[in-house]
Amino acid sequence: MNQPFTATYLLDELNKEATMGAPGLEAQREVRVIDMQNFVQRKTEIADAIWAAATDIGFFQLKNHGIPLQDIQAAFERAEQFFALPQEIKARYPLNRNAGWESKAQIRPSTGTPDQKESWQLTRPRMAGLWPEEEILPGFKQETLAFEHQCWALGMQVLSCFALKLGFSEDFFTTAHDPASTGYQSTLRMLHYYPVPLNTQSWRAGAHTDFDCLTLLFQRAGQGGLQVCPGKEHQSQAWTPIEPHDDVITCNIGDMLMRWSDDLLPSNFHRVRNPRPGEYNGPRYSLAFFCQANEDVVIQGPLGKYPPVSAKDYLAQRVSANFSGKY
């Protein structure tokens, strides 16, 4: 398939309602829920189910995924504690190369306006000076690192399913995302979407694709807004809501894995819309883990459709094409 994320016109089309103030259409598409229970014994079955879901709309959800609900809830509580800090304290940890804090710094080409959110990002080798001090948030560093590792382990399970289907060795992506490497690039992002007045025309997050291999997204029940529109169906202008559940993780394919799979796996557009009248319009929190191959890993699909490129160069290209800041 073509790479829809490279087409400016498509982003414009997908966001006409953002500039015109129209609500946009919604379409019911199946976002499949994959049961990860007994993963080792059921791996072939699970891999088939994940592949079928991913090749359809690029999104799927996981249940019985092995990360305890109390650990997820604790991670959300840490995020709330961080974002509740005074702005002058958060500003001590400025975003640089996918690590640190930013507020309204992401301006999507699809909207031309800043996403209405703030985020703090953990990328292990890049955290010098970016951790809140122990006296400010006791236990934050240790507990957040532990949660990041849980996300990494689950991400590697899912990616091992794609390795199996693509004909790679089953540990192919695990080796490519080695957290012991100084070139480790996977990122845990805490997100806080600001409360917004009803009928505002800005977007909490404009339409975009992710740059990584695989995204794991944790959402809270009652704090919706995430929508997906497969690129192959962009002319419909119809978006499918991804309902949030406390104990279910939403996954999507990113640009890096789309390229690595020679376009067999689609990286599709998604966005976070504003609340509508009658909906909850307070702060929205989410947690995202981006599986991004280590800097020196070479990305090339089994069919060699695209020339080889290092993961470092690939991410730098994608960031510079979408945001004004340096990677």
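This one's a predicted model, so the numbers in the text were calculated from it and none came from an experiment.

Asks: Is there a simple way to think about the overall build of the protein in this case?
Replies: Along its length, the protein carries 9 helices and 15 strands. Sorting the 327 residues of the protein into buried and exposed places 57% on the buried side. Looking at the protein alone, contacts between residues at least 24 apart form 78% of all its contacts between residues at least 6 apart. Surface summary for the protein: the accessible area is close to 13500 Å², and the carbon and sulfur share equals 51%.

Asks: Is there a simple way to explain the packing of helix 4 (residues 69–83) against helix 6 (residues 140–166) in this structure?
Replies: For any two helices packed against each other, one specifies the crossing angle of their axes together with the interaxial distance. Where helix 4 meets helix 6, the axes come as close as 11 Å, and the angle between the chain directions of the two elements is 135 degrees. The pairing of helix 4 with helix 6 is recorded here as oblique in orientation. Note that helix 4 runs across helix 6; the crossing there is left-handed. Contacts from Asp71, Ile72, Ala75, Arg78 and Phe82 in helix 4 reach Phe140, Glu143, Thr144, Phe147 and Gln150 in helix 6. Partitioned by chemical class, the residues of the contact of helix 4 with helix 6 number 5 nonpolar, 2 polar and 3 charged.

Asks: Sorry if this is basic, but what is going on with the packing of aromatic side chains here?
Replies: Remark: the centre distance and the inter-plane angle together describe each pair of aromatic rings, the angle taken between the planes. With the rule as written, the count across this model stands at 14 aromatic pairs. Arranged with centres 6.3 Å apart and planes meeting at 45 degrees, the rings of Phe82 and Tyr93 form a pair that is tilted. Of this pair, Phe82 sits in helix 4 while Tyr93 sits in the loop between helix 5 (87–90) and strand 4 (100–103), placing them 11 residues apart in sequence. The burial state of Phe82 is the same as that of Tyr93; both residues are buried. Sitting above the plane of the Trp239 ring, Arg271 keeps its charged end 3.8 Å from the centroid.

Asks: Just checking my understanding: could you explain the sheet that holds strand 10 (residues 238–241) for this structure?
Replies: Picture the strands of a sheet paired through backbone hydrogen bonds; they go either parallel or antiparallel. Reading across the sheet, the 5 strands line up as 1-10-9-12-7 and stay open at both edges, with mixed pairing between neighbours. The outermost strands of the open sheet, each flanked by one partner alone, are strand 1 (25–26) and strand 7 (205–208).

Asks: Before we go on, may I ask you to explain the nonpolar core in this structure?
Replies: Soluble globular proteins: nonpolar side chains tend toward being buried together. Residues Phe60, Trp120, Phe162, Leu214, Phe218 and Trp260 are the most contacted members of the largest nonpolar core, which totals 71 residues. The element best represented in this core is helix 6, accounting for 12 residues. Setting aside its immediate chain neighbours within four residues, Phe218 contacts Ile67, Ile72, Phe76, Phe147, Cys151, Ile249, Ser286 and Leu287. The next biggest cluster of nonpolar side chains, apart from the first, holds 13 residues, and it includes Ile57, Phe59, Tyr193 and Phe290.

Asks: Any chance you could explain the environment of Gln81 here in plain terms?
Replies: The topology assignment puts Gln81 in helix 4. Classification of Gln81 as partly exposed rests on a relative accessible area of 43%. Each C-alpha atom, one on Gln81 and one on Phe140, is 9.4 Å from the other, the two residues being 59 residues apart in sequence.

Asks: Got a minute to help me understand unusual backbone geometry in this structure?
Replies: Trans peptide bonds make up the majority, and among non-glycine residues the majority have a negative phi. Here Asn98, not a glycine, exhibits a phi torsion of approximately 65 degrees, which is positive. Here Asn98 shows up in the loop between helix 5 and strand 4. Phi is positive for Asp263, close to 75 degrees, though the residue is something other than glycine. Mapping Asp263 onto the fold places it in the loop between helix 8 (255–260) and strand 12 (269–272).

Rules used throughout
- Residues numbered from 1 in each chain as written.
- Predicted model: local features only at pLDDT ≥ 70, side-chain atom pairs only at ≥ 80, totals over all residues.
- Heavy atoms only, no water.
- Helix = DSSP H or I, 4+ residues; strand = E, 2+ residues; numbered from the N terminus.
- Buried < 20%, exposed > 50% of the residue type's maximum accessible area, 1.4 Å probe, protein only.
- Contact = heavy atoms within 4.5 Å.
- Areas by Shrake-Rupley, 256 points an atom, 1.4 Å probe, with all protein chains shown as cover.
- Axes fitted to C-alpha atoms, helices over the stretch in contact; angles between N-to-C directions.
- Parallel < 35°, antiparallel > 145°, perpendicular 65-115°, else oblique.
- Left-handed = near helix turned anticlockwise from the far one by under 90°.
- Nonpolar A, V, L, I, M, F, W, Y, C, P; charged D, E, K, R; others polar.
- Phe/Tyr/Trp six-rings, centres within 6.5 Å; stacked < 30°, edge-to-face > 60°.
- Lys NZ or Arg CZ within 6 Å of the ring centre and 35° of its normal.
- Pairing = 2+ DSSP bridges.
- Core = buried A, V, L, I, M, F, W, Y, C linked by side-chain atoms within 4.5 Å.

Purely geometric stuff here, so don't read any function into it on its own.
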